[in-house]
Amino acid sequence: MKSFYITTAIDYANGSPHLGHAYEKVLTDVIARFRRQMGDKVYFLTGTDEHGQKVQASARKQGVAPQEYVDRVSAEFKALCARLDISNDDFIRTTESRHKTVVRDILQKLFDRGEIYQAEYRGFYSTRQEQFLQEKDRLPDGSWPEIYGEVTQIVEKNYFFRLQKYQDWLIDFLKTHEDFIFPKYRHKQVLEFLKEPLNDLCISRPKERLEWGISLPFDENYVTYVWFDALLNYYSAVADKGLWPADFNVIGKDILVPPHAVYWPIMLHASGLPPPKALLVHGWWLQGGAKMSKSTGEAVSPLSFIDQFGVDAFRYFLIREMNVGQDSEFTVEQFLVRYNSELANNLGNLVNRTLNMTTRFAAGVLPAAEVTEEPERELHELWAKTRAEVVPLCENFQFHTALERGMAFVNATNAYIEKRAPWKLGKSTEAKDQALLRTSLATMAEALRLAVALMLHVTPSTTRKINEVLGYTPGALWLDELVWGAKLNGARVAPALVLFPRPTPPAKPV
Ligand code: MSP
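Computed from a predicted model, the values in this text were never measured in an experiment.

**Here we look at the packing of helix 13 (residues 374-395) against helix 14 (residues 399-420)**
If you want to describe how two helices pack, look at the angle between their axes and the distance between the axes. The contact between helix 13 and helix 14 brings their axes to 9 Å, and the two run at 170°. It follows that helix 13 is roughly antiparallel to helix 14 by the angle criterion. Residues Pro375, Glu376, Glu378, Leu379, Leu382, Trp383, Thr386, Glu389, Val390, Leu393 and Cys394 of helix 13 lie in contact with helix 14, whose contacting residues are Phe399, Thr401, Ala402, Arg405, Gly406, Ala408, Phe409, Ala412, Thr413, Tyr416, Lys419 and Arg420. When its residues are assigned to classes, the contact of helix 13 with helix 14 shows 13 nonpolar, 4 polar and 6 charged.

This is how it looks when you write it as structure tokens:
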């Protein structure tokens, strides 16, 4: 069994999760489930990023101790994972001792090797971004861009990590590992960034300024810069499991350069560890053209959608709508269009018809197909094509296109039913018509079974429910489930299943 280790970014524990966070977890879950279905031994990690200025500030605002605050927020993220049907094997919190120990060990090792040194730092500091700024960050009129918030001048001693020393190594690594970043076009963006000389990275914060962090093992007057701490979660969670390097660190495009594409590989390399095998970089969910975020105050809560439409409808939408790597505008209208036309009408109808007609014309027991004529042949051929396309599409993270193909097949199955019109065949007593009736019932049921098997990693509970009403227990090998067969012959179906009820207006979740 091939092992496959995949992670999400760990979310800042400084506010409630929104749809952007939910997307990253669902996307990673879809990949993890797909790899498991393909036979890999998967380890899937997610978690929360709990130290640093932002978290300390949020806790203060609420008048609670940071630990109490992060306990609460982290629990909220954990609960979201459960609601989203995320199949993570582990959930790491950067305040856990298993993480802190590894971070301190690595810091000590780097310090001992001379990779970390102390120096006096003078500079402009942005509290909001928790970073020192440079002259080049100023606007043409000399002021600082809005995103930095209040900028103050600071002189202090700090510890620095030798990034610059490894700049050439990183460039060479990127040039020789063309698959390090998916999608490929982001690779260029990183190389572009590396055309400018790197500054060494300030990895300490004096405790007078920031208390909430991991103390440096070689100087307890300082805590560790939050990114240096957070990135190591991917390693600390599996340090004793022999799973490093990760196959994929899944992240949003805002945290590629410099944290994941520059700091992270260099931190690992300097510590004598290999970089992750690849970074998978997704785009943003937008609202009115801007990134959906906590600070806009209008971010969409995933829970309201799950409550109203069910978890699989939500997962389906996120994966169907977004082309991995690109941005997508989120609107309730677009959600409802897909919910109604693709799930309720297209798939929901196929389920209803299959169950109704099997109940009505075959006393609820699925017959065997007896005839193969043009309509059956066409559907078989479309399935063969769909199946051949979908697996490579999923292997290349083109899940949205895979779902589109699956839905096209469901649509073709509904068209097949129209063509065969079993309700007419049911009125005839001719032997030929009876054989066609049995064939059409068997064909629509098998097509339905195949279509939902294809969607298993995106809509796991819907697939399970449909298998149940079809009286079917799938086998262990997913690829075998995708073969058109006679798996449902003699199965006893349930009379009905309500899967995607019409939303009761007004259907505007907040
Ligand atoms: N804590 C850091 C990550 C540390 S990883 C070692 C962080 N946290 S975050 O909460 O701001 O974001 C977590 C993830 O959610 C990031 O990958 C980010 O790109 C993603 N998203 C946050 N808003 C998003 C959208 N509007 N759309 C899609 N994903 C976005 O960054």
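Okay, back to it.
**Things to note about the pattern of salt bridges**
Going through the model one piece at a time under the given rule, you end up with 39 salt bridges. Taking the shortest distance from any N to any O, the salt bridge between Arg104 and Glu220 comes out at 3.3 Å. Pair noted here: Arg104 is in helix 4 (residues 97-112) and Glu220 is in strand 12 (residues 219-224), with a separation of 116 residues, a long-range link. Of the residues examined, Arg104 reaches a relative accessible area of 27% and is grouped as partly exposed.

**Some words on empty space enclosed by the protein**
Scanning the entire structure with this criterion turns up 1 cavity of 30 Å³ or more. By volume, the largest cavity is sized at about 40 Å³. As for the largest cavity, its lining consists of Cys394, Phe399, Ala402, Leu403, Leu454, Met455, His457 and Val458. Ranked by residues supplied to the lining of the largest cavity, first place goes to helix 14 with 3 residues. Residues that form the lining of the largest cavity fall into these classes: 7 nonpolar, 1 polar and no charged.

**A word on the layout of surface pockets**
In this structure, the second largest pocket occupies an estimated 350 Å³ of space. Residue lining of the second largest pocket: 22 residues in total, with Leu456, Pro474, Gly475, Trp478 and Glu481 positioned closest to the centre. For the lining of the second largest pocket, the secondary-structure elements that each account for two or more residues are helix 1 (19-37), helix 16 (431-454), helix 17 (460-469) and helix 18 (478-481). In terms of residue count, the dominant contributor to the lining of the second largest pocket is helix 17 (5 residues).

**Regarding the pairing of strand 13 (residues 248-252)**
The element strand 13 is extensively covered by neighbouring structure, given that 5 of its 5 residues are classed as buried. Alternating residues of strand 13 divide into Phe248, Val250 and Gly252 and Asn249 and Ile251, and every residue in both groups is buried. Here strand 1 (residues 3-7) pairs with strand 13 via 2 bridges, running parallel. Looking at strand 13, one finds that Thr7 is bridged to Asn249. The pairing of strand 13 with strand 14 (residues 279-282) spans 4 bridges and is parallel. Bridge pairing links Asn249 to Leu279 in strand 14.

Basis of the calculations
Residues numbered from 1 in each chain as written. Predicted model: local features only at pLDDT ≥ 70, side-chain atom pairs only at ≥ 80, totals over all residues. Heavy atoms only, no water. Axes fitted to C-alpha atoms, helices over the stretch in contact; angles between N-to-C directions. Helix = DSSP H or I, 4+ residues; strand = E, 2+ residues; numbered from the N terminus. Parallel < 35°, antiparallel > 145°, perpendicular 65-115°, else oblique. Contact = heavy atoms within 4.5 Å. Nonpolar A, V, L, I, M, F, W, Y, C, P; charged D, E, K, R; others polar. Salt bridge = Lys/Arg side-chain N within 4 Å of Asp/Glu carboxyl O. Buried < 20%, exposed > 50% of the residue type's maximum accessible area, 1.4 Å probe, protein only. 1 Å grid on protein atoms, 1.4 Å probe; cavity = no way out; pocket = protein on both sides within 12 Å on 5 of 7 lines; lining within 4 Å. Points joined across faces, edges and corners; volume = space filled by probe spheres on them. Pairing = 2+ DSSP bridges.

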